[in-house]
Amino acid sequence: MTGPILEVDGLVKYFPVKIPAVQRVLIREPPVVHAVEDVSFSLSPGEIFGIVGESGCGKTTLGRTVLRLVEPNDGRIVFDGVDITHLREPDLRTIRRSMQIIFQDPHAALNPAMTIGESIADPLLIHGLSTEEEAKAKALEIMTEVGLSPAEQLYTKYPADVSGGQKQRAVIARAMILRPKLIVADEPVAMLDMSIRAKILELMLELKEKYGLTYIFITHDLATAKFICDRIAIMYLGRIVEVGDSSDIYREPKHPYTQALLGAIPVPDPDRPRAKTLPKGEVPDAIHPPSGCRFHPRCPVATPTCGWEPRDFLELLDQRALDDAIRVRDEHALGPRDRVRITGDTLRIRSMDPGLTRRERRFLLALVALGSLAVGSLHALVGIGTLASGLAALFGFDALARSDPVRSGLVERESGRVREYVRGILQSAPEALTKAVRNVAVAGSEVLVEFAPSSDPGLRTVDGREVRCVLY
Amino acid sequence: MSDPVLAARRLKVHYRTKRGPVHAVDGISFALHAGETLGVVGETGSGKSTLGKAVLGIVPPGTKTEGELVFEGKNLLTLPEGELRRLRGKDIALIFQDPMTRLDPLMTIEDHFLETIHAHEKVSREEARARTRAALASMGIPVSRLKNYPHEFSGGMRQRIMIAMALVMRPKLLVADEPTTSLDVIVEGQILEILEDLKRAYRMSLLLITHNLGIVAEVCDTVGVMYAGLLVEYGPVRDVFKRPIHPYTRGLLASIIHLDSRELVSIDGLPPDLVTPPQGCRFHPRCPYVQDVCRTTVPEWVEYRPGHFALCHFGRDFL
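Parameters and conventions
Sequence positions are assigned chain by chain, starting from 1 and proceeding in written order. Chain letters and ligand numbers both follow the written order, the letters beginning at A and the numbers at 1. Local features are withheld for residues below a pLDDT of 70 in this predicted model, meaning they are given only at 70 or higher, and side-chain atom pairs are given and counted only at 80 or more; totals for whole chains, interfaces and linings count all residues. With hydrogens and water stripped out, all remaining heavy atoms of the structure feed into the side-chain values. Put simply, DSSP H or I for four residues or longer makes a helix, DSSP E for two residues or longer makes a strand, and each gets a number counted from the N terminus. For this measure, only C-alpha atoms enter the radius of gyration; the expected value for a globule follows 2.2 Å times N^0.38, where N is the number of residues. Any pair of residues with heavy atoms lying within 4.5 Å of one another is described as a contacting pair. The accessible surface values rely on the Shrake-Rupley method and a 1.4 Å probe; as for residues, cover is taken only from the protein chains in view. In this charge count, Lys and Arg are treated as positive and Asp and Glu as negative; neither His nor the chain ends contribute. By convention, charge coordinates are those of NZ in Lys, CZ in Arg, CG in Asp, or CD in Glu. In a helix, the anticipated span is given by 1.5 Å times the number of residues less one. Any residue under 20% of the maximum accessible area for its type is buried, any over 50% is exposed, and the rest in between are partly exposed; the area is computed with a 1.4 Å probe on protein chains only. For helices, the fitted axis covers only the stretch in contact; all axes are lines through C-alpha atoms, and the angles between them, taken along N-to-C directions, range from 0 to 180 degrees. For classification, angles of less than 35 degrees are called roughly parallel, those exceeding 145 degrees roughly antiparallel, those between 65 and 115 degrees roughly perpendicular, and all remaining angles oblique. Each crossing is labelled by how the near helix is turned from the far one, with a counterclockwise turn of less than a right angle marking it left-handed and a clockwise turn marking it right-handed. Here the term charged refers only to Asp, Glu, Lys and Arg, the term nonpolar to Ala, Val, Leu, Ile, Met, Phe, Trp, Tyr, Cys and Pro, and the term polar to all other amino acids, Gly among them. Grid spacing is 1 Å over the protein atoms alone, the probe is 1.4 Å, and a cavity is where that probe fits but cannot get out, while a pocket is an open set with protein on both sides within 12 Å along at least five of seven lines and lining residues have an atom within 4 Å of a point. Grid points are joined across faces, edges and corners, and a volume is the space filled by probe spheres set on the points. The pairing test for Phe, Tyr and Trp rings, Trp by its six-membered ring, is centres within 6.5 Å, and the orientation test on the planes gives stacked under 30 degrees, edge-to-face over 60, and tilted for anything in between.

> So what exactly am I meant to see when it comes to the overall build of chain B here?
A tally of helices and strands in chain B yields 11 helices and 12 strands. Relative to a compact globule of 319 residues, whose C-alpha radius of gyration would be 20 Å, chain B shows 20 Å and is just as compact. Across its three principal axes, chain B shows a C-alpha extent of roughly 70 × 45 × 45 Å. Relative to all contacts within chain B whose residues are 6 or more apart in sequence, the contacts with residues 24 or more apart total 64%. As displayed, chain B offers around 13800 Å² of accessible surface, 51% of which is attributable to carbon and sulfur atoms. Of the side-chain charges in chain B, 39 are positive and 38 negative, and the distance between the mean point of each set is 3 Å.

So this is what it looks like as structure tokens:
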């Protein structure tokens, strides 16, 4: 057996996020999109390796980074025994002949000002491998091979004059003309009509057999991947969550995300309307990916150690707020949503005195504005404990709390009340989230909800494949 | 049976182009009843989106329409623009494929709703706000996000906002043109569940235009298969999927790559140019069963089973 044609080890790609100049100065760690994080795999010659995931999971970036169309931030790419990670452009060019890409949108992948034939022949000229006549002859040959016939006639057509399927054939011909060893096919049939998809896939399989190609097949469509891939990697938010032989993965998906993806595919059979259990929500923002297991906020079987974090609690508050009555009660106890802050693994809820109406607060503000109030005389003037505590909460009069026993007692009572309320809310949460809360404590006028620190399970070998999930 | 909410009778929509009229919709008939979902499937250029536009009365100027398109007893094709505008967005609502391009990037989500409500009804701002909150909450969008702009939402949320907007006036008919095509499969499932629930809750009728036969199988009661501007088959979903009549429907069903697929199947050839559609049966150049009569004579629209129609000379042979 020969060695792998491609080895990818610990590949990382971050994209910087555009932020205003002022923020750039203030923030020590500028935000980045975590497109690809610590991805490793290796390909044997002649293999079709599927990279499957939803939009934004990093599958396209991974495909492009492997070809160094995008520069990796970290990791190693070894192609055909050569480490190409830091190869310089002239050397890379030579190697690029052996690694080509087929893009998703055939309508955008061809130069509208070049004829189909010119586009296909162009790589030979760019790499200085043929004269123009030779290039044309080779282009005509490959055009016939990919089903663009009569080739002579189509050679002079422009992309606008041919169908989507023919354009995709032209894109495949252009990738094939340099006789590559590896082709990255990024959603090659997603933009095509159902009735012609099969034709293009068949063509790709034929070419693979004939020329001993190796494919990386990037797709969001698990059904298509099942049909043509030998091995499959399921990606979620920049990471591989499950990788193995496709027959194994389809027979018995291990990762809850893989199971969800498989379950969600509509089946063209009216007699099988399944009771689906779809994961809730959508793929989160890759700038602030969830901690621990990236899938935990959506996972139906998540455990307390999967990485429940303070913002999952905020998410829960938002869900509760969908019911108007509950929203009013929540806000009454916890204050407006922006009173809740997150620091590390801790959620901080500022306590608010609910006894103070807006009119009373405005009245106090006016008094303060008049400058006639000293902290000491306030109590005497207003004469109501709740007002004093409200004012303290409003203006952060810590001094008052320290000097005034009534006030500090109130703070404690109020905080205790909020704490009870938080416990109540947690009872309406998924069990895993509740259990991930280590402690609910009071500190001054804040209620602190502490979460257990999370850890990423990492890829582990289970039944001949690798899965990133604590269940295994 | 009660009168249909929407009925098309020999509906034609011909676009004007430099090369001559494009026969985008060329004489189709169907009926959609209250609380039902009709799926219209077809490939690119089959005329399915044109059908949706005709129902909303938003075909480009200069387009020729013929036949009848009756919504609650009124022919939409001859209705004065003013009356059509009152219907549109109120009794007949539309959701598009790509929600990003259909929301105004300079308006908050709340303003989108207020505009829609005020365009159709004289209600107080408070009343309109309350309705907006309820509509969004029913789609799982937190009230705290009312003042956000479209770009601050994910794709699935935007589509849910579009649905909430379409539904805020409680339409009788919802036209959904590829509502989940730009979404991932899990979010697609979520949106389809929402549409199902709405249908049940309000007895709303849904005209679902899609290329995805899997979706049709899951949510539609009736399905129409379009090819080259014509309905080639129409009937109850179960009949059409289990006992298809037209060779195009058979080919299309076989070409779906699904998890149980055993082989790759495709339909030879390409859909015709609708400026000069083929003589006889429009599918004949691609049909594996083509006979001489197919090349010369237009087939008749025959009801082969109760409510199950097909446009094929040899329909009886495929029963």
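> Got a minute to help me understand helix 9 (residues 194-211) of chain A in this structure?
Since there are 3.6 residues in each turn of an α-helix, residues three or four apart along the chain are aligned in direction. Residues and elements named next belong to chain A. Here helix 9 spans 27 Å end to end across 18 residues, near enough to the 26 Å set by a 1.5 Å rise per residue. Among all positions of helix 9, only Met 194, Ser 195, Ile 196, Arg 197, Ala 198, Ile 200, Leu 201, Leu 203, Met 204, Leu 207 and Lys 208 are buried. Where helix 9 terminates, the next one or two residues include Gly 212, which has phi positive at roughly 60°.

> Explain the packing of helix 6 (residues 155-167) of chain B against helix 7 (residues 185-202) of chain B to me, please; I cannot follow it from the model alone.
In a packed pair of helices, the relevant descriptors are the angle between the two axes and the axis-to-axis distance. All names here are of chain B. Where helix 6 meets helix 7, the closest approach of the two axes is 10 Å, and the angle between their N-to-C directions is 15°. Comparing the axis directions of helix 6 and helix 7 gives the class roughly parallel. Seen from above, helix 6 lies across helix 7 with right-handed handedness. Here Gly 156, Gln 159, Arg 160, Ile 163 and Leu 167 of helix 6 come into contact with helix 7, specifically with Val 187, Ile 191, Ile 194, Leu 195 and Leu 198. Looking at side-chain class alone, the contact of helix 6 with helix 7 contains 7 nonpolar, 2 polar and 1 charged residues.

> Even after reading the chapter, I still don't get the layout of surface pockets, so can you show me in this structure?
Over the atoms, a rolling probe the size of a water molecule traces out where space has been left empty. All names here are of chain B. Empty space within the second largest pocket amounts to approximately 650 Å³. What lines the second largest pocket is a set of 22 residues, and nearest its centre among them are Arg 88, Gly 89, Leu 94, Thr 116 and Met 165. Only helix 2 (81-87), strand 6 (92-95), helix 4 (109-120) and helix 6 provide two or more residues apiece to the lining of the second largest pocket. Here the lining of the second largest pocket takes 5 residues from helix 4, the largest share from any one element. Of the residues belonging to the lining of the second largest pocket, the class tally is 11 nonpolar, 4 polar and 7 charged.

> Just to check I follow, could you spell out the packing of aromatic side chains for this structure?
Aromatic rings considered in pairs are described by the distance between their centres and by the relative angle of their planes. Counted under the stated rule, the structure contains 10 aromatic pairs over all chains. Arranged with centres 5.1 Å apart and planes meeting at 65°, the rings of Tyr257(A) and Phe295(A) form a pair that is edge-to-face. Placement of Tyr257(A) in helix 12 (residues 256-264) and of Phe295(A) in the loop between helix 12 and helix 13 (310-320) is noted, with a sequence separation of 38 residues between them. Neither residue differs from the other here; Tyr257(A) and Phe295(A) are each classed as buried. Between Tyr227(B) and Phe283(B) the ring centres are 5.1 Å apart and the planes differ by 85°, which places this aromatic pair in the edge-to-face class. Note that Tyr227(B) is positioned in strand 9 (residues 222-227) and Phe283(B) in the loop between helix 10 (247-255) and helix 11 (292-296), a separation of 56 residues in sequence. Phe283(B) matches Tyr227(B) in its accessibility class, with the two residues each being buried. In textbook terms, an aromatic cluster arises when at least three aromatic residues are bridged by ring pairs, as seen for Tyr236(A), Tyr257(A) and Phe295(A).

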